[in-house]
Amino acid sequence: MTRGHLTAAAGTLAALTLLAGSAAALPRHEPEPPPPGPLRLVSFDTCAEALTRLRAAASASVGPWGLQPNWRTGMTPGGLAEPATAPKSVDSARAAGAAAEHSGTNNHEPGADEPDLVKTDGRRIVTVTGGVLRVVDAATRRATGQLDLTGDDGRSEWSPDSLLLHGDRALILVRSATVRRIEKSGGRRPAAVPAGPRLLLVDLAGQPTLAGTYRIDGSLLDARLTGPTARVVVRSQPRLVFPELGEDATDAQRLAANRAVIARAGLDAWLPTFDRTEGGRSDAGRVGCDRLSAAADSTGTAVLTVLSFDLATGRLGDGDPVSVAGDADTVYGTAGSLYLAGQQQRPGQLRPRGRPGSSGDATTVIHQFDTGTPGRPRYLASGAVPGTLINQYALSEWQGHLRVATTSSDGRGARPSTESAVYVLTRRDGALARTGTVSGLGRGEQIHSVRYLGPTGYVVTFRRTDPLYSLDLTDPAAPRVTGELKITGYSAYLHPAGEGRLIGVGQEADADGRAQGLQVSLFDVADPARPTRLAQYHLPRAGSTAEFDPHAFLYDPRTGLVALPVHDGSLLLLRATGGTVTRAGTVAHPGRAPVARSVLVGGALWTVSDAGLRASDPSGGTTLAWLPAT
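Below or above, wherever it landed, is the structure these notes cover. What you see is a predicted model; the values in this text were computed from it and never measured.

Quick notes on the rules
Residues numbered from 1 in each chain as written. Predicted model: local features only at pLDDT ≥ 70, side-chain atom pairs only at ≥ 80, totals over all residues. Heavy atoms only, no water. Salt bridge = Lys/Arg side-chain N within 4 Å of Asp/Glu carboxyl O. Buried < 20%, exposed > 50% of the residue type's maximum accessible area, 1.4 Å probe, protein only. Helix = DSSP H or I, 4+ residues; strand = E, 2+ residues; numbered from the N terminus. Contact = heavy atoms within 4.5 Å. Pairing = 2+ DSSP bridges. Axes fitted to C-alpha atoms, helices over the stretch in contact; angles between N-to-C directions. Phe/Tyr/Trp six-rings, centres within 6.5 Å; stacked < 30°, edge-to-face > 60°. Core = buried A, V, L, I, M, F, W, Y, C linked by side-chain atoms within 4.5 Å.

## Topic: the pattern of salt bridges
- All chains considered together, the criterion is met by 21 salt bridges.
- The closest approach of N and O atoms between Lys119 and Asp113, which form a salt bridge, is 2.8 Å.
- By relative accessible area, Asp113 is classed as buried at 17%.
- With a closest N to O distance of 3.1 Å, Arg215 and Asp217 form a salt bridge. Each member of the pair Arg215 and Asp217 is classed as buried.
- Within this structure, Arg215, Asp217, Arg239 and Asp275 form a network of salt bridges that share partners.

## Considerations on the environment of Pro550
- Note on placement: Pro550 falls in the loop between β37 (532–540) and β38 (554–556).
- On a C-alpha basis, the gap between Pro550 and Thr105 in space is 9.2 Å, while along the polypeptide they are 445 residues apart.
- Not counting chain neighbours up to four residues away, the residues in contact with Pro550 comprise Asn106, Tyr393 and Tyr493.

## Some points on the sheet that holds strand β43 (residues 604–609)
- A sheet is described by the order of its strands in space; here four strands give the open sequence β42-β43-β44-β45, paired in antiparallel fashion. Edge strands, defined here as strands with exactly one partner in the open sheet, are β42 (597–601) and β45 (623–628). Each strand axis lies, on average, 20° off the axis of its neighbour in the sheet, ignoring direction.
- Relative to β43, β42 is paired through five bridges, and the arrangement is antiparallel.

## A word on the packing of aromatic side chains
- Taken as a whole, this structure holds seven aromatic pairs when the rule is applied.
- With a centroid separation of 5.3 Å and 80° between ring planes, the pair formed by Tyr214 and Phe309 is classed as edge-to-face. Taken together, the residues Tyr214 in strand β14 (residues 209–216) and Phe309 in strand β20 (residues 303–310) connect sequence positions 95 residues apart.
- A centroid spacing of 5.7 Å and a plane angle of 65° characterise the contact between Phe369 and Tyr379, whose relative ring orientation is edge-to-face. Here the residue Phe369 occupies a position in strand β24 (residues 363–370), and Tyr379 occupies one in strand β25 (residues 378–386), the gap between them amounting to ten residues.
- Judged by relative accessible area, Phe369 falls into the buried class, the value being 2%.
- The exposure class assigned to Tyr379 is partly exposed, which follows from its relative accessible area of 24%.
- Members of the aromatic cluster, connected to one another through ring pairs, are Tyr214, Phe274 and Phe309.

## A closer look at the nonpolar core
- The biggest cluster of nonpolar side chains holds 29 residues, and the ones touching the most others in it are Ile366, Leu395, Leu402, Val404, Val422, Val450 and Leu471.
- Put simply, the parts of the chain that give this core at least two residues each are β23 (337–343), β25, β27 (401–409), β28 (418–428), β29 (431–441), β30 (446–453) and β32 (465–472).
- Val450 has contacts with Ile390, Tyr393, Ala394, Ala405, Tyr458 and Val459, leaving out every residue within four places of it along the chain.
- Membership of the second largest hydrophobic core comes to 23 residues, among which are Val505, Leu539, Ala552 and Tyr555.

Remember that the coordinates give geometry; whether it matters functionally is a separate question.
Here it is in structure tokens:
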């Protein structure tokens, strides 16, 4: 989740205070209340039953101005969703085509690859920037192919955002495409309307070629790749056009008119449609009502669809869709599970989504699916916890349990009371049942980052200072806080850096909580009772996209290299070794083009921007090769 950061002149560092060993100072572990009723998803015996449920849920949720506070009348289908030195000689192994040692996308979990704008298998580097897919041979450091993916055919256009890579196939994800309406009256400029996300399958054997396209109603949430299977999650809103009544209309009249629209709506209003093109042939379809499930408390305001594509086959097919009448804004995946999580919207109490703690009775609902085998995911269980999530790193599956960190608020006043907690859920009889809780974290503050490492968890909360809590989650029935470190500023992202070490990326702050610029911290967490900060690098009046996008963060455990984009468009190189964090150099691209990503391949540091790709010496940033975008 992105956040705005205030920057100001650099201030003096406040004293570091360590709070540990005092039971009175530590958050509480409370006995678990009786578990709530299960939130199981249920399928429908007939399409008529599905339609009746959806109409009733939407009718109970709708208000005088629509299904949500920002709902607009006349909504269109699709919804809305964002000088080189000579290259080094190539050794015989790489020349023979062996994959070089390389880094990958900074994924949350092993075995669940996440889409990003650069991918590499050690032989080739594939990027999607400026609407163009480019392929680079990592050994020779030369471009070997490119493909324009903007899709401008006079009626529609799209620009790709990220990709997944498997063998010789790349699945390109386009968050939002647009279709230009052709106006009949002369002199009017054609309007552009959203047309939903697109998926583009590209064959990389030889020159890149477009093998197929797939479009579906809604907005793209996220995707995961497990083995050859890509699973793409799409959120769609019902295609309902509510009438625009005059200014004299009462709320009761508006509500009655909106409910009349819902009562007349068919299943087509809720079930997303899709179309695809492969092998020179095009067809279209709709998610069947036999693929739809719903929870008892579904509001009928959104549908989540999980699409599955086997990239090994070289074709997209229909995506084998599975849909849920529910809402989510967070996708978390492991090698065997896919979780969809989002704030529960209660009928008659719909509110705009906000930062954690923005509403007093917020509840996060979580649905778990089995993705351990190829094909469509199989629903396993659902559960709910109080509060809201910061991002997918608030979730962690470990030894059959799901750990969830949330912030809750009483919702009262200009500065509501907040506190955070970590819940442990276990799947029982189709429900994610709560088995343990540690609460009382960061009273008056909100979660800014979470990281789980096996049986240990780390939570950062912040308002004026940054408590870094360490938690023992070994016993799922009795999670507990073991230590707490208070420092100025906060870490927005935490990354493991070897046994007993963590790297934090965030903002330094003064004693009043005002941000003072980028800080990278090295923490020693070997002693659960006494976490300490060993070193800090502070760059005043600066920020990094790695604070809210972990894909922009690179860490090499062999050398201690830390690479992250900074505010001026360059890539900052640091070394986190021993107990120090020191500056190692920077990498910049021509024209101050912002460097978005970095990867290590065969001893070279590759950086990506819209201007091109640069290969550099990771020890200090000396240029090895520059491949401009053409």
